[in-house]
Amino acid sequence: MAEKLLRFVSVAKQMPDKRPAEGRRHDFAEIYAEFDQGRAEAQASRCSQCGIPFCQIHCPLQNNIPDWLKLTAEGRLEEAYEVSAATNNFPEICGRICPQDRLCEGNCVIEKGFASVTIGSVEKYITDTAFERGWVRPPTPRRELGQSVGIIGAGPGGLAAAEMLRRRGYDVHVYDRYDRIGGLLVYGIPNFKLEKAIVTRRAELLAAGGIRFHLGVAVGRDVCLADLRARHDAVLIATGVYKARDMQMPGVGLPNVVAALDYLTASNRKGFGDAVPAFDDGALDAAGKSVVVIGGGDTAMDCVRTAVRQGAKSVKCLYRRDRRNMPGSQREVQHAEEEGVEFVWQAAPDAFTGAAAVKGVRAHRIHLGMADSTGRQTPQKIDGSSFTLKADLVVKALGFDPEDVPAMFDAPELAVSRWGTIRIDQRTMMTSLDGVFAAGDIVRGASLVVWAVRDGRDAAEQMHLYLSAKASAALARAS
Ligand code: FAD
Ligand code: SF4
Ligand code: SF4
């Protein structure tokens, strides 16, 4: 089968077909088509099966990438799926939305001069095909263990842990204050990156495996952490980070100066067909407006591209550093540019102008000075460089911090870091409270889906060890 591999010299890198920008500007459908089998096999065959696969080392899940590429190249798709699913609960989601240019593909070491293997697209193809052919099964355990687990948060971290624990035979209950399963997968990330049917398909599978979801239940409001600790043998906190970072400047309180997640959640809800008063009355709808988005991360990219699709008159992105130094994925910037977004690099806002509603963003130009201790050049204001951008809607996409979880959960003894993230023992993943574990963004700070999945899996393993010890101790006491 060796002739099926190492074809990076004769086969050029090809992504799945991308819809032309003019067409995709007008709808929220995903922008990439699926590979067909021939193209998936051809692209997988470019892998040179490295002895030390840097792609795998730089995948947070340590996915066995060379093996599933080899199996795909050989047409052994079901086996490829089994290998891929062994380390990742949601390969079809990671294949779509991981910033591969910074992770697996960015570290693919095909010889210099040849572009990387399209790892993410092959990963997505394998699992989408597995769903189509009925190979993806609910996480039904062989036997019930009789212990129960409460998981707070139905985002990727909580769901990955839920699946792993359910497979082992625990009675798993997931609590979420949202009305749908998926966390930021459903209400943060827009459809053009991840269509919601992909998340719903997973959610249904988890429910079919016996995981019990309690939606619309906010811990701290409807039930407290102490209740969940009494109800379950162990608890996992996977609540993500939701406090939007803000800026202090004149006009920041004007209507139509909105937070990114409010804006994106409203758009995602409209995609589901929900009634959203703040969207329906126009406040969170960019249609016909001059939109300015402030920030340079992936959330900012999602906002500008959402505004384009809502029919904005113009969309500008204001970011204080240059393109090379922005935190967002370069691929996303390219998509945004193709779709007509204008980037105003090296510029920062001073004030939002307007009386009853925002009319403009007054900003200044930035010079990038000496590198700081993190190696990034420090932004410095250029005197006399003030300018104003017209704006009817300003979206602030400056990042997220954790809410005050100990206060929210009425659990002051729950230890947090100075950033407000939950502190865990790095080995056991347990918080300062016995039997209470934590995973995902609420531990790391705002991060990536693939890291939340990794944390969820690791937490499940540690919770299993804890619960096994607890069961053994109970048995010893009883005998
Ligand atoms: P979350 O996904 O935030 O889920 C937490 C869940 O906990 C939510 O459902 C919430 O409702 C629930 N919850 C919170 N508090 C309570 C409570 N008190 N009671 C009950 N339930 C509660 N990552 C990528 O890898 N690729 C991307 O393209 C990408 N795009 C992004 C775009 C946006 C706009 C944003 C905001 C983030 C993006 N991310 C992306 C980051 C990624 O979404 C997160 O890192 C990931 O979702 C974190 O998973 P989590 O399970 O820790 O938390
Ligand atoms: Fe790459 Fe993400 Fe898939 Fe890992 S999970 S192989 S980083 S796309
Ligand atoms: Fe294949 Fe690239 Fe990974 Fe090497 S680094 S094993 S060529 S995908």
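Residues numbered from 1 in each chain as written. Chains lettered and ligands numbered in written order. Predicted model: local features only at pLDDT ≥ 70, side-chain atom pairs only at ≥ 80, totals over all residues. Heavy atoms only, no water.

1. Quick word on the packing of helix α8 (residues 156–168) against helix α18 (residues 449–478)
Taken N-terminus to C-terminus, the directions of α8 and α18 make an angle of 35°; their axes are 7 Å apart at the nearest point. Our pair here, α8 against α18, has a crossing hand that is right-handed. Counted together, P156, G157, A160, A161, M164, L165 and R168 of α8 and V449, A452, V453, G456, R457, A460, E461, M463 and H464 of α18 form the full contact between these two elements. Of the residues contributing to the contact of α8 with α18, the split by class is ten nonpolar, three polar and three charged. (Axes fitted to C-alpha atoms, helices over the stretch in contact; angles between N-to-C directions. Helix = DSSP H or I, 4+ residues; strand = E, 2+ residues; numbered from the N terminus. Left-handed = near helix turned anticlockwise from the far one by under 90°. Contact = heavy atoms within 4.5 Å. Nonpolar A, V, L, I, M, F, W, Y, C, P; charged D, E, K, R; others polar.)

2. Brief notes about the site of ligand 3
Neighbouring ligand 3 are the residues C47, S48, C50, P53, C55, P66, L69, C108, V109, I110, V117 and I119. Taken together, the residues of the shell around ligand 3 break down into eleven nonpolar, one polar and no charged. (Near = heavy atom within 4 Å.)

3. Quick notes on the layout of surface pockets
Quantified by volume, the second largest pocket comes out at close to 260 Å³. Of all the secondary structure elements, the ones that give two or more residues to the lining of the second largest pocket are α5 (77–87) and α8. In terms of residue class, the lining of the second largest pocket is built from seven nonpolar, two polar and five charged. Here the lining of the second largest pocket spans two domains, and each of domain 1 (2–132) and domain 2 (148–241 + 402–478) adds at least three residues to it. (1 Å grid on protein atoms, 1.4 Å probe; cavity = no way out; pocket = protein on both sides within 12 Å on 5 of 7 lines; lining within 4 Å. Points joined across faces, edges and corners; volume = space filled by probe spheres on them. Domains from an automatic or database assignment.)

4. Section: the domain arrangement of the protein
Along its sequence, the protein is carved into domain 1 (2–132), domain 2 (148–241 + 402–478) and domain 3 (245–399). Centre-to-centre, using C-alpha coordinates, domain 2 lies 32 Å away from domain 3. Between domain 2 and domain 3, the contact holds 13 residues from the first and twelve residues from the second. Summed over both sides, the interface of domain 2 with domain 3 buries roughly 1200 Å², with 55% coming from carbon and sulfur. Considering only the surface of domain 2 that becomes buried against domain 3, R180, Y187 and F192 emerge as the three largest contributors, covering 47% of it. (Buried area = accessible area lost by both parts, 1.4 Å probe.)

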